[in-house]
Amino acid sequence: MASFGDFIKQEREKNGWTQTDFGAKIGINSSAVSRIEHGTKQISSNKLNTLSGLFSVELSKIKELYFADKFARDVYKFDCPNTVFMAAEEEVRYLRNKNAKQSKINF
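Predicted model only: the values in this text are computed from it and were never measured.

### Re the overall build of the protein chain
- A count of helices and strands for the protein chain gives 6 helices and 0 strands.
- The N-to-C order of helical and strand elements in the protein chain reads α-α-α-α-α-α.
- Seen through its C-alpha atoms, the protein chain measures out along the principal axes to roughly 50 × 40 × 20 Å.
- In the protein chain, buried positions account for 25% of the 107 residues.
- Put simply, of all contacts in the protein chain between residues at least 6 apart along the chain, 51% involve residues at least 24 apart.
- For the protein chain, the centre of its 17 positive side-chain charges and the centre of its 13 negative side-chain charges are spaced 6 Å apart.

### Topic: the layout of surface pockets
- When its volume is computed, the largest pocket comes out at roughly 290 Å³.
- Around the largest pocket, the lining residues are Phe 67, Ala 68, Phe 71, Phe 85, Ala 88, Glu 89 and Val 92.
- Mapped by element, the contributors of at least two residues to the lining of the largest pocket are α5 (59-77) and α6 (83-103).

### Structural notes on the nonpolar core
- Ranked by size, the top nonpolar core spans 16 residues in total, and within it Phe 4, Ile 8, Leu 51 and Phe 55 carry the most contacts.
- Every element with two or more residues in this core is listed here: α1 (4-14), α2 (19-26), α3 (30-37), α4 (48-55) and α5.
- Once you skip the residues sitting within four places of it in the chain, Leu 51 turns out to touch Phe 4, Ile 8, Phe 22, Ile 26, Ile 43, Ser 56 and Ile 62.

### Some points on the side chain of Glu 37
- Looking at the element boundaries, Glu 37 is found in helix α3.
- At 2.8 Å, the side chain of Glu 37 forms a polar contact with the side chain of Gln 19.

### Structural notes on the environment of Met 86
- Along the polypeptide, Met 86 turns up in helix α6.
- Assessed through its relative accessible area of 53%, Met 86 is described here as exposed.
- In this structure the C-alpha to C-alpha distance between Met 86 and Lys 9, which are 77 residues apart in sequence, comes to 30 Å.

### Overview of the packing of aromatic side chains
- All chains considered together, the criterion is met by 8 aromatic pairs.
- An angle of 10 degrees between the planes, with centres 5.7 Å apart, marks the rings of Phe 22 and Phe 55 as stacked. Here Phe 22 is found in helix α2, whereas its partner Phe 55 is found in helix α4, with 33 residues between them in sequence. Take Phe 22 and Phe 55: they sit in the same class, and that class is buried.
- Taken together through their ring pairs, the aromatic side chains of Phe 4, Phe 7, Trp 17, Phe 22, Phe 55, Tyr 66 and Phe 67 make up a single cluster.

Basis of the calculations
- Residues numbered from 1 in each chain as written.
- Predicted model: local features only at pLDDT ≥ 70, side-chain atom pairs only at ≥ 80, totals over all residues.
- Heavy atoms only, no water.
- Helix = DSSP H or I, 4+ residues; strand = E, 2+ residues; numbered from the N terminus.
- Buried < 20%, exposed > 50% of the residue type's maximum accessible area, 1.4 Å probe, protein only.
- Contact = heavy atoms within 4.5 Å.
- Lys, Arg positive; Asp, Glu negative; His and termini not counted.
- Charge placed at Lys NZ, Arg CZ, Asp CG, Glu CD.
- 1 Å grid on protein atoms, 1.4 Å probe; cavity = no way out; pocket = protein on both sides within 12 Å on 5 of 7 lines; lining within 4 Å.
- Points joined across faces, edges and corners; volume = space filled by probe spheres on them.
- Core = buried A, V, L, I, M, F, W, Y, C linked by side-chain atoms within 4.5 Å.
- Polar contact = N/O pair within 3.5 Å; in protein donor to acceptor, adjacent residues only side chain to side chain.
- Phe/Tyr/Trp six-rings, centres within 6.5 Å; stacked < 30°, edge-to-face > 60°.

Given below as structure tokens:
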């Protein structure tokens, strides 16, 4: 799997945009675009909706790629065991279940 920065570069090039063009479309400078594409900077999560529209890619796919990359980088950075992925999945199920139960309470 490629990094989220690789995905951005591929989509940017597919649309024929320079880093400057793309940066102007999402509100960042070309230097930041370069760092994002090279994996030394992460794009802000508040830009995901904009990316979805610009690239004509469903927001759910953009989120999947973004958070998978972010989580994988943190796991690598902190040298976590692979079991952290299963633990995270269990935690997400717990949080979703907890929130679903709380939303069904009637007074």
